[in-house]
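What follows is each chain in one-letter form.
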Amino acid sequence: LLATNVREASASVKPFEEYQKIYNDIAEKLREEDDRDDGSYGPVLVRLAWHCSGTYDQNDSSQNKGGSYAGTMRFQKEQDDPENAGLKVAQDFLEPFKTKYSSLSYGDLWTLGGVCAIQELNGPKIKWRPGRKDLGLDAVPPYHRLPDASQETGEYVRSVFNSRLGFTDQEMVCLIGVGHALGRCHVDASGYDGPWTFSPTMVTNDFFKLLLDEDWKIRDWDGKRQYTDSSTKSLMMLPTDMVLKKDSKFRKYVELYAKDEEKCMADFADVFSRLLERGIKFPDSTKPMVFKTLEEQGL
Ligand code: ZEM
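Residues numbered from 1 in each chain as written. Predicted model: local features only at pLDDT ≥ 70, side-chain atom pairs only at ≥ 80, totals over all residues. Heavy atoms only, no water.

**Concerning the coordination of the zinc atom of the ligand**
Piece 1. The sole protein-derived ligand of the zinc atom of the ligand is His 180 (NE2), positioned 2.3 Å away.
Piece 2. Mapped onto the elements, His 180 comes out in the loop between α7 (169-179) and β2 (184-185). (Donors = N, O, S within 2.8 Å, 3.2 Å for Na, K, Ca; no water. Helix = DSSP H or I, 4+ residues; strand = E, 2+ residues; numbered from the N terminus.)

**Thoughts on helix α6 (residues 154-164)**
Piece 1. Where α6 is concerned, the buried positions are Gly 154, Tyr 156, Val 157, Val 160, Phe 161 and Arg 164.
Piece 2. Its buried side turned inward, α6 meets α2 (42-53), α7, α9 (239-246) and α10 (248-259).
Piece 3. Looking one or two places after α6, you find Gly 166, whose phi comes out positive at around 75 degrees. (Buried < 20%, exposed > 50% of the residue type's maximum accessible area, 1.4 Å probe, protein only. Contact = heavy atoms within 4.5 Å.)

**Some words on the state of the cysteines**
Among covalent bonds in proteins, the disulfide is the one between the sulfur atoms of two cysteines.
Piece 1. For the coordinates displayed, the defined rule picks out 0 disulfides.
Piece 2. Cys 116 supplies the cysteine sulfur nearest to Cys 52, a cysteine that is in no disulfide, at a spacing of 15 Å.
Piece 3. Taking the relative accessible area as the measure of exposure, Cys 52 reaches 4% and is therefore buried.
Piece 4. Cys 264 takes part in no disulfide bond, and the closest cysteine sulfur, belonging to Cys 174, lies 4.9 Å away. (Disulfide = S-S within 2.5 Å.)

**Comments concerning the nonpolar core**
Piece 1. The biggest cluster of nonpolar side chains holds 81 residues, and the ones touching the most others in it are Ile 26, Leu 94, Phe 161, Phe 208 and Phe 272.
Piece 2. At 8 residues, the largest contribution of residues to this core is made by helix α5 (residues 106-120).
Piece 3. Phe 161 has contacts with Trp 50, Pro 147, Gly 166, Phe 167, Met 172, Leu 175 and Ile 176, leaving out every residue within four places of it along the chain. (Core = buried A, V, L, I, M, F, W, Y, C linked by side-chain atoms within 4.5 Å.)

**Some thoughts on the domain arrangement of the protein**
Piece 1. By domain assignment, the protein separates into domain 1 (7-145 + 269-297) and domain 2 (154-265).
Piece 2. Domain 1 and domain 2 are separated by 23 Å when their C-alpha centres are compared.
Piece 3. Facing the 28 residues of domain 1 at the interface are 21 residues of domain 2.
Piece 4. Of the roughly 2,100 Å² buried between domain 1 and domain 2, counting both surfaces, carbon and sulfur atoms make up 61%.
Piece 5. Counting every contact that joins domain 1 to domain 2 gives 14 residue pairs in polar contact (both at pLDDT 80 or more).
Piece 6. Of all the elements in the fold, those that place two or more residues in the side of domain 1 that touches domain 2 are α2 and α11 (261-275).
Piece 7. In terms of residue count, the dominant contributor to the side of domain 1 that touches domain 2 is α11 (5 residues).
Piece 8. Considering only residue class, the side of domain 1 that touches domain 2 consists of 12 nonpolar, 9 polar and 7 charged. (Domains from an automatic or database assignment. Buried area = accessible area lost by both parts, 1.4 Å probe. Polar contact = N/O pair within 3.5 Å; in protein donor to acceptor, adjacent residues only side chain to side chain. Nonpolar A, V, L, I, M, F, W, Y, C, P; charged D, E, K, R; others polar.)

**As for the pattern of salt bridges**
Piece 1. Evaluated as defined, the whole model comprises 23 salt bridges.
Piece 2. Here Lys 98 ties to Asp 134 by a salt bridge, and the two come within 3.5 Å at their closest N and O atoms. Here Asp 134 lies in the loop between α5 and α6 and Lys 98 lies in helix α4 (residues 88-100), a separation of 36 residues in the sequence.
Piece 3. By relative accessible area, Lys 98 is classed as buried at 14%. (Salt bridge = Lys/Arg side-chain N within 4 Å of Asp/Glu carboxyl O.)

**Brief notes about unusual backbone geometry**
Piece 1. Phi at Asp 37 is positive, roughly 35 degrees, even though this residue is not glycine.
Piece 2. As for its placement among the helices and strands, Asp 37 is situated in the loop between α1 (16-32) and α2.
Piece 3. On the basis of relative accessible area, Asp 37 is assigned to the partly exposed category, the value being 44%.
Piece 4. At Lys 233, a residue that is not glycine, the phi angle is positive and equals roughly 55 degrees.
Piece 5. Assignment of secondary structure puts Lys 233 in the loop between β5 (227-229) and β6 (236-237).

As structure tokens, then:
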């Protein structure tokens, strides 16, 4: 019997080669369109994949349990969750592939977009499985499940990543720190401002090194409470990011990942893949797929 806090993925999926084609289409568009921020839509695609997955609550057996399965961020109601501000850009970037590959669900498209972005931005290979199905408006998850960056306690971060999503301390540190190696905050989206690292279009363990090595001070500005590095004043940390340094149980993993990039990337690949599959049961016949990058294909 299937537990009621998970949904069953469709077993009728296309062969691997078909998904590699979609991956290549997304990757080519990423390469061609560089008119965003630091020159890549990759970071915002990663954020979309995370936000469509991160609404999952393992304690919720209702139709509003969240997670990437149902593709409900296509509804205005979910786009209006304040935590989703700024993600329409990513949805619009991927929309042409929904038109071109009409049998692909939004959940599959948005998670594949995140996988593609990570790999094309020099990140590790992320195993991915298809079979999510679009569900209706009544499957939109409640607001306030995605984390609120202004909270500065370990208890709060764990309430999201452990109690609802079922990740360990080590896994949450890995997810947040590698995720925030990428991209930046936008005043017109979240109200926060700036990038976390000097290479926001590359998947690295730099977040961990910077968090430990820099002297982080509250930024002096009219905006939201955020931290800035004392040496260049060009980088940022959110209050929730600072918790990873202040909480000793989190900090030991920050130290581990700052020292060991290889382990950091291997752990991230595993945990990000599982994040995208929260709340979904895949049939045994659907084997995890690992896509080649454009570079590996000589494209
Ligand atoms: Zn983020 N994130 N995130 N994150 N995130 C932002 C941007 C990005 C939190 C958060 O409030 C914010 C994870 C975890 C958490 C990315 C990936 C991942 C922004 C800025 C905020 C405020 C949005 C804006 O203004 O455009 C909080 C509180 C988190 C946990 C405690 C995890 C996990 C991620 C992936 C693994 C990425 C890539 C961005 C950059 C987006 C962009 O547009 O550049």
